[in-house]
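# A closer look at the structure
Residues per chain are reported as follows:
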Amino acid sequence: MTLFDADAAIDAIRSGTIDASFRAVPMPGRQLPDGIVAARAFDEPVQLLTGPAHAFAGARAVAPAELVGHRIWMPGIVPGTEWAAYYGDLAAAFGLTIEVTGPDFGTEPLLDTITDSRSLATFVGERTRLVWPADHGLLRIAVRNPTPVYPHSLVWHRDNLHPALAALRDHFCPGRFDHGDAGTWTPAWA
């Protein structure tokens, strides 16, 4: 079982193995099972991560339209997951080339490859914490006009009364981390 799989995460919530999960819901064409509820927790802006020799290395921000024709490599995307749906819809909406092929040896090899490439970049969430050696020279570049945001929701079982879960729900109250204004993009299903 992997909790990267929405079905496995929902099964773990139903069984009480875990109290909650952050997911992009609802998945296209899927309903949450009885007893499972979700609330939009926060929208995380997507950034472009490049190496120092990339064409956009000097940019402070890029528009999705500027990324057309550039290779965005994301080998860790698992077909059938909500993030595969998200990035598939993002690519379709803006005519982007998001490559998911190739081996996924983890974050460090991905960052090493991006560092040394003039043509490859990847997407990362603005709040995603990454650590790399200082000599890598990797750059996070804002994506704007519009800003793609990943729609995180908190998912839990409605009968779970754990006080920490209530505090977590209160912390991520609706609108607190919302980027859902006219300058953002999310898939229609979100």
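I will try to describe carefully the structure that is included in this document.

Calculation notes
Residues numbered from 1 in each chain as written. Predicted model: local features only at pLDDT ≥ 70, side-chain atom pairs only at ≥ 80, totals over all residues. Heavy atoms only, no water. Helix = DSSP H or I, 4+ residues; strand = E, 2+ residues; numbered from the N terminus. Buried < 20%, exposed > 50% of the residue type's maximum accessible area, 1.4 Å probe, protein only. Contact = heavy atoms within 4.5 Å. Areas by Shrake-Rupley, 256 points an atom, 1.4 Å probe, with all protein chains shown as cover. Salt bridge = Lys/Arg side-chain N within 4 Å of Asp/Glu carboxyl O.

### A closer look at the overall build of the protein chain
- Secondary structure assignment for the protein chain yields four helices and nine strands.
- Listed by position from the N terminus, the elements making up the protein chain come as α-β-β-β-β-α-β-α-β-β-β-α-β.
- When each of the 190 residues of the protein chain is scored for burial, the buried share is 44%.
- Looking at the protein chain alone, contacts between residues at least 24 apart form 77% of all its contacts between residues at least 6 apart.
- Summing over all exposed atoms, the protein chain offers an accessible surface of approximately 10,000 Å²; the carbon and sulfur share of this is 54%.

### Things to note about the pattern of salt bridges
- Applying the stated rule across the entire model yields three salt bridges.
- One salt bridge connects D11 with R14, and the closest N-O pair in it is separated by 3.1 Å. Of this pair, D11 and R14 both sit in helix α1 (residues 6–15), three residues apart, which is roughly one turn of the helix.
- Notably, a salt bridge pairs D43 with R40, separated by 2.7 Å at the nearest N-O pair.
- Accessibility expressed as a relative area gives 32% for R40, which makes it partly exposed.

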